[in-house]
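Here is what each chain is made of, one letter per residue.
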Amino acid sequence: MKPKILKPGKNILLLTLIVCLLVWTAHQIGFLENFELKSFDSRLKLRGPLPLVDSSLVIVTLDDQTFSSLPIQWPYPRSIYAQLIRNLKSAGARLIVFDLEFTEPTPDDKILGMAAAEAGNVIFAGKLVTEIGAHNTINQYVLEPVSALLQKGTSWALVNIVEDNDGFLRRYFLAKHVADHRYLSLGLEVMRRWLHLPETSLREDSNNFWLGDFPIPKYTPETMLINFAGPARTFPTYSLVNILDDFEFDIGDEDTDIFEMYKIWGTFRNKIVLIGCSAEELQDTKFTPFFEYEGNKRKMPGVEVHANAIYTIFQRMFLIPVDTKITVALIVLLSLLVGILTQLARPLKAGIGVLLILALFLIGNFAIFIQKNLILPITPPVLAIVFTYLGHTAVLFVSEQREKLRYRKIFQQYVSKNVVERMLDSGEYPRFGGERKKLTVLFSDIRGFTTFSEKYPPEEVVARLSEYLTEMADITIQHDGTLDKFVGDEIMAIYGAPYYYQNHAEKACRTAQAMINRLRELQREYAAKNGSYFNIGIGINTGEMVVGNLGSRQLFDYTVIGDAVNLGARLEGINKFYKTNIILSEFTYQEVKDIAIVRELDFIKVKGKTRPIKIYELRGMDNIPQFEYELLVQVYQQALQFYQQGEWYRALVEFRRVLHYFPTDGPSRLYVRRCLDLMENPPAEDWEPVFVFETK
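Residues numbered from 1 in each chain as written. Predicted model: local features only at pLDDT ≥ 70, side-chain atom pairs only at ≥ 80, totals over all residues. Heavy atoms only, no water.

Visitor: Hey, could you run me through the overall build of the protein chain in this one?
Guide: Along its length, the protein chain carries 22 helices and 30 strands. Of all intrachain contacts in the protein chain linking residues separated by at least 6 positions in sequence, the fraction that spans at least 24 positions is 70%. Total accessible area on the protein chain is roughly 35200 Å²; 55% of this is exposed by carbon and sulfur atoms. (Helix = DSSP H or I, 4+ residues; strand = E, 2+ residues; numbered from the N terminus. Contact = heavy atoms within 4.5 Å. Areas by Shrake-Rupley, 256 points an atom, 1.4 Å probe, with all protein chains shown as cover.)

Here it is as structure tokens:
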């Protein structure tokens, strides 16, 4: 039945007014700023990289190749940069632009200054420093390049960047005013030099910064929006060491004299060459709208941010926000339209219509962005649509929630919260029976709990167990797991049921990792009190299993059964054998291999099964410390490969290499023993690296 929420006419206007005031107030106070920023990023990523219609910009970076190949200790002497200038000048570079700061004097400054003066086309980098003084006063001053560098034919500009509240770069400084003096940004100075304009030809008003007769639309009084051409390395990028690598400069074993070929190919002829850092350890890589693009997360070198800003100006591809009046009118129009639609149709049909309106707005918004480079805010109109629809359906929503609350109070004391929610959503009461689904199960058990129980008084054992189970249960629920049951100190959880979601294997793995992290914290807390805490093992498996209300018709429980469930329980116990914490089956690994960091443990047969399976130890999700990854994953994996190929001595050497740095690593210790046994007692020729577990 359609609820009588509002009377037609004036009540629609009243709700429209309330919604518009609410949305616009939130927009003005910055409450929606982060959402709007992300919507800007989404539009750029949907548009995708731009074709580089002009190749005047190239980038030279201090990258990992430079650090590994250049036979000189960091920081490099400025004579290196002098040679860089000379080589680029000889290759025909039109402008040589440094995004590297030379603000501290060194003995080589005159060498660099002479090279810059001889080239006559060098732009150096300065920096605006902002400090918070007493009583929260803001002090600003400029760090210029050392005076020895500022010769005839050279200039300098500020390389400061501006980050939004979420730490991403979308805007670019045009100029900064400090103590009645205007300092140009690096990009603006590049354009001034490129166009051969005197500084006196640069001016600004409230809407534009003018390069002669060429306007640059402002986004804020000091910035413009960057129309990013694409993700990192969209612009041609070369390693700094390759620019030095000419006939005269020897870089050792990797010397190729590649720069001589660059000169022949005209790689830098008549180009603007931007020089900066891309090596992560130099901390000059930035978050940009293309940070996470097509599944790749890649920060952009700061020098390439300057390149994108210059390219935006160069190609006049300015992004311009629409007039505020247009945004306000659109919010009012959409709110009225949704209000009328909701009055004329039932909530479900009205919801479909609202989704259609929303889709048309988003498509139109994206179209004007692509075709006209106009930015129409997304968040305020979308919220106006949503809030208006929700306002008109509030009475029905409250009524339904009140009814659900009554049923929830009745049934939640008998069955789990997830089952109650599923029952309420489907309108069906729990009944006996199940269905087959591909899900993930997690088993967790305490190691040596009997010994622990004998060591402490019963009251402390119960308190410690309650604390542990509460912490682990909270973590399971936080990761959308369904707590199936507690069996003493064992926890069983289901992922993907009763609410099915595709990334159930990932959520199980993240649960396991969070459990171990919290366990380590508890262990440290009790160790600080001269106490002890137990360890746990976790097994995870993914596969088809029967899920539902299973048991007898007198007493049944929402759970899962099947071989896939049994295998998950077996994996939990196998942790004791390998001295590990988290073991995944090969079936779970296939679901999470792109995000989980694992190492293969073994090729095993469990009791009652004839087909061997691979098992893996979960080391982390997304990333782990580099040193740990190199040894416990890469070196270990190489050792395991030698073992599986029957090269036991080579495997032994690599496993011992791991143990040198991680002497308690259980899998490596196990394989050292195996290698020694196999070397002393060689197996038959048809030996296979399969280990059989005779017990459960």
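From this point, things continue past the structure.
Visitor: Can you help me understand helix α20 (residues 626-644) in this one?
Guide: Think of an α-helix as turning once every 3.6 residues; residues three or four places apart then point the same way. Taking 1.5 Å as the rise per residue, α20 with 19 residues should run 27 Å; its terminal C-alpha atoms sit 26 Å apart, in good agreement. Tyr636 marks where α20 bends most, by close to 30 degrees. Among all positions of α20, only Glu628, Leu631, Leu632, Val633, Val635, Tyr636, Ala639, Leu640, Phe642 and Tyr643 are buried. Check the buried side of α20 and you find it contacts β28 (596-605), β29 (613-621), α21 (648-661) and α22 (666-680). (Expected span 1.5 Å × (residues − 1). Bend = angle between axes of the 7 residues up to and from the residue. Buried < 20%, exposed > 50% of the residue type's maximum accessible area, 1.4 Å probe, protein only.)

Visitor: Is there a simple way to explain the side chain of His504 in this structure?
Guide: The residue His504 is located in helix α17 (residues 504-528) in this model. Classification of His504 by relative accessible area gives buried; the value is 2%.

Visitor: Explain the packing of aromatic side chains here, please?
Guide: In this description, an aromatic ring pair is defined by two values, namely the gap between the centres and the angle between the planes. Summed over the entire model, instances satisfying the criterion amount to 38 aromatic pairs. With a centroid separation of 6.1 Å and an interplanar angle of 35 degrees, the aromatic rings of Phe67 and Tyr76 are classed as tilted. Judged by its relative accessible area of 6%, Tyr76 is buried. Seen from their ring centres, Phe627 and Tyr661 are 5.4 Å apart, and the 85 degrees between their planes marks the pair as edge-to-face. Remark: Tyr661 occurs in helix α21 and Phe627 occurs in helix α20; sequence separation between them is 34 residues. Each member of the aromatic cluster is reached from another via a ring pair, and the members are Tyr636, Tyr643, Trp648, Phe655, Tyr671 and Trp687. The positively charged end of Arg599 is found above the aromatic ring belonging to Tyr636, 4.5 Å away from the centroid. A cation sits over an aromatic face here: Arg674 above Tyr671, 4.9 Å from the ring centre. (Phe/Tyr/Trp six-rings, centres within 6.5 Å; stacked < 30°, edge-to-face > 60°. Lys NZ or Arg CZ within 6 Å of the ring centre and 35° of its normal.)

Visitor: Would you mind going over the sheet that holds strand β11 (residues 208-211) with me for this structure?
Guide: Adjacent strands of a sheet form backbone hydrogen bonds with each other and so pair up, either parallel or antiparallel. An order of β10-β11-β12 is seen for the three strands of this open sheet, with the pairing classed as antiparallel. The sheet is open, and its two borders are formed by β10 (202-204) and β12 (214-217), each paired with just one other strand. Adjacent strand axes in the sheet meet at a mean angle of 20 degrees, parallel and antiparallel pairs treated alike. The sheet contact formed by β10 and β11 spans three bridges and is antiparallel. When the sheet's bridge partners are listed, Leu202 is paired in β11 with Leu211. (Pairing = 2+ DSSP bridges. Axes fitted to C-alpha atoms, helices over the stretch in contact; angles between N-to-C directions.)

Visitor: Just checking my understanding: could you explain the sheet that holds strand β6 (residues 162-163) for this structure?
Guide: What the three strands build is an open sheet, ordered β6-β7-β13; its pairing is antiparallel. Two strands close off the open sheet at either side, each with one partner strand: β6 and β13 (223-225). As paired elements, β6 and strand β7 (residues 169-173) share two bridges and run antiparallel to each other. Bridging from a neighbouring strand, Val162 pairs with Arg171 of β7. Running at roughly 80 degrees to β13, helix α9 (residues 302-314) makes contact with β7 and β13 of the sheet.

Visitor: Explain the nonpolar core here, please?
Guide: Generally speaking, nonpolar side chains in soluble globular proteins are found buried as a group. Ranked by internal contacts, the top residues of the largest apolar core, which has 50 residues, are Leu211, Ile216, Leu274 and Ile313. Element by element, the count of residues in this core is highest for α9, at seven residues. With residues near it in sequence (within four places) discarded, Leu274 still touches Leu57, Val58, Ile59, Val60, Val97, Val303, Ala307 and Ile310. Core analysis: the next-biggest nonpolar cluster, separate from the first, contains 44 residues, Val58, Leu70, Tyr76 and Tyr183 among them. (Core = buried A, V, L, I, M, F, W, Y, C linked by side-chain atoms within 4.5 Å.)

Visitor: What am I meant to see in the confidence of the model for the protein chain here?
Guide: Atom-level detail of predicted coordinates should not be read off regions where pLDDT is low. Here the protein chain averages 86 in pLDDT, while 90% of its residues score no lower than 70. By mean pLDDT, the top-scoring element of the protein chain is strand β15 (residues 272-277) (96), and the lowest-scoring one is helix α13 (residues 394-411) (59). Low pLDDT (under 50) marks residues 410-416, which in the prediction has six contacts with non-local residues, meaning those over four places away or in another chain. (pLDDT = per-residue confidence, 0-100.)

Visitor: Can you walk me through α17 in this structure?
Guide: Between the first and last C-alpha of α17 there are 36 Å, a value that for 25 residues agrees with the 36 Å anticipated at 1.5 Å per step. Directly beyond the C-terminal end of α17, a positive phi value near 60 degrees is found at Asn530.

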